[in-house]
Amino acid sequence: MEQKDDPIGKMLSLETIEPRPLKPRKWLVFNRSPLARKIILFNLIALGILVSGVLYLNQAQETQVQFRSASLAQEVEIMAASIRSHQDNPAYDNIRGQAFQNLFNEMAAKSGSIVQVYGVNAEIQLMYVPEGSSAAVSEGDAVISVLQKLWDSIASPLAFSNPEAAERNLRTQFKILAEDAMQAGERSKAKYLAVGGEIYIAVATPIITDSGLLGAILISTRPGEIDSIIRAARQQILQVFLLATLSSIVLSMVLANSIARPLRRLSAAAQHARDEAGGQLNMARVNIPDLSARPDEIGDLSRSMRKMTDALLERIDANQSFAADVSHEIKNPLTSLRSAVETLGYVEDENSRAALLAVIQSDVDRLDRLVTDISNASRLEADLVRDKWEDVDICRLLNSIIENFKLTDRSGTADISLSIEVENRYVPGIESRLEQVFTNLVSNALSFVPEDGWVRVKVRSISESCLEVEVTDNGPGIPEDNLQDVFSRFYSERPVEQFGQHSGLGLAISRQIIEAHGGSIIAGNRKEGGAIFVVTLPR
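Residues numbered from 1 in each chain as written. Predicted model: local features only at pLDDT ≥ 70, side-chain atom pairs only at ≥ 80, totals over all residues. Heavy atoms only, no water.

1. Describing the sheet that holds strand E7 (residues 415-421)
Two pairing modes exist for strands in a sheet, parallel and antiparallel, and in both the strands are linked by backbone hydrogen bonds. Strand order across the open sheet formed by five strands is E7-E9-E10-E12-E11, with mixed pairing between neighbours. Looking at which strands have only one partner, the edges of the open sheet turn out to be E7 and strand E11 (520-525). Averaged over all adjacent pairs, the angle separating strand axes in this sheet is 15°, with direction ignored. Inspection of the sheet shows E7 paired to strand E9 (residues 454-463) by seven bridges, in the parallel sense. Pairing of Ile420 across the sheet is with Val459, part of E9. Helix H9 (residues 394-407) rests against E7, E9, strand E10 (466-473) and strand E12 (531-538) of the sheet, and its axis sits at about 170° to E7. Packing against the sheet, helix H11 (residues 506-516) makes contact with E11 and E12, and its axis sits at approximately 25° to E12. (Pairing = 2+ DSSP bridges. Helix = DSSP H or I, 4+ residues; strand = E, 2+ residues; numbered from the N terminus. Axes fitted to C-alpha atoms, helices over the stretch in contact; angles between N-to-C directions. Contact = heavy atoms within 4.5 Å.)

2. Regarding helix H3 (residues 98-111)
End to end, H3 covers 20 Å across 14 residues, agreeing with the expected 20 Å (1.5 Å per residue, within 8%). Buried residues of H3: Phe100, Leu103, Phe104, Met107, Ala108 and Ser111, and no others. All buried residues of H3 fall inside an arc of 125° around its axis, so they share one side. Exposed side of H3, more than 90 degrees from the buried face: Gln98 and Lys110 are the residues found there. Following H3 by one or two positions, Gly112 has its phi on the positive side, about 75°. (Expected span 1.5 Å × (residues − 1). Buried < 20%, exposed > 50% of the residue type's maximum accessible area, 1.4 Å probe, protein only. Arc of directions from axis to C-beta.)

3. So, the side chain of Gln116
The topology assignment puts Gln116 in strand E1 (residues 114-119). Among the polar contacts listed, one links the side chain of Gln116 to the side chain of Tyr118, at a separation of 3.1 Å. (Polar contact = N/O pair within 3.5 Å; in protein donor to acceptor, adjacent residues only side chain to side chain.)

4. Brief notes about the pairing of E10
By the criterion of burial, E10 is predominantly enclosed, with seven of the eight residues buried. Here E9 pairs with E10 via eight bridges, running antiparallel. Paired with Ser461 across the bridge in E10 is Leu467. Sheet topology note: the E10/E12 ladder contains seven bridges and is antiparallel. Of the residues in E12, the one forming a bridge with Leu467 is Leu537.

5. Describing the side chain of Arg68
Here Arg68 is to be found in helix H2 (residues 34-84). Among the residues examined, Arg68 registers a relative accessible area of 14% and is labelled buried. When residues no more than four places from it in sequence are discounted, the contact partners of Arg68 are Glu75, Ser113, Thr221, Glu225 and Ile226.

What follows is the structure, encoded as structure tokens:
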């Protein structure tokens, strides 16, 4: 009989493939998620560009303002020193005098800033305001200009709306600064004044000559000068913001493409398989994209889907092959039964009729065994998944099986013995299925031993995590070329007198059960003669 691959084994192995157990959720998902790390990295790149640009420009802005403050301090010191240099000339002792005014106008014109001279009574005596005192502000490109106007429209309602009050407030601030400088007798520190929605920097120093204190000279930035520096920095920040936004969009598109595109491909492949399932499904045309090289969750998904598809293909092939073999095995007794029934109508001899009836009965019994074994095999995989696992005392189980054979006289004249060489006797599993395996192995051995033969069952430990059950007999053994075939479905190599008494599914089912328990079963021959089956089970 031609031997084929064992689909039952394949079906069981497919059914018992368990998904990777879910681990408890962790807050730090990116520690174990390549995809999460990629998303976080892409977002941080754009954020890093924005933060770096803002920090750099903020530092540049502060540097410019500090430089302007130092410049004003130097200018006011130079002016005071220039006035003191003329202290030998009495004409310069009078702040309202023409000589002093000429010197003041000359120095103030060169500074390009607002310069004021206060008398000892802290009242303004002289004041110079340069032409075009409002600083010009560059509008920048169109996009920046729009954003700047938007900012101004938001900020303008918050500004001081009364120009006259703002002017009075500014004069008061200048006067206080001048008084402080005269009282301290030294140059004041640069002071930042926010008045009327604008920022000023002012520095004052006393005018002291040999004649005594003449007053104070104050120099300040023009209206809008500091604001223009801040506005320029703000425009640069907006440019950095636009760059960061553009970078974020580009990186998001790249990230979305690297995530969404392969997911769409996987989804399309699954959709294609589902659509074809409505008609004639050709799994050879279901092409799952190979993204297994990716070291992230999409790679895991691709590998899982490809394995699932391969498993489904193997299952379909196994079912088709199994159905073909079942029909072939059932057809043999049906053919014999049909021939006997047709012949029975033409035979009148009672002995011949009795022989034909015996053939019919034998074929019916054979069909009954085949149908029963096939039914058991088809339910096996579902039962293995559904049944509850527990710790099984393997020694107690084997002893019960052997005693049952002896009590029911199924052992005949053969001797069955059990040898225990293990301390830890428990293995995890389904007791009824393990009982089915070892009952089949013992029964199979008894069917081959000669009269007054023997069957030996030995349990021993091969490691802390595994034990081994060995079933040997003194029968004819197994042909060397068929040591693997004995586990194939419908395989049977028995004496003629036992023809039709076995379905050939027993060892195939036994291997499925053992493999479902994470173990293995192998067949071999003893040197002295006889077969040996070794079952290894984890514990």
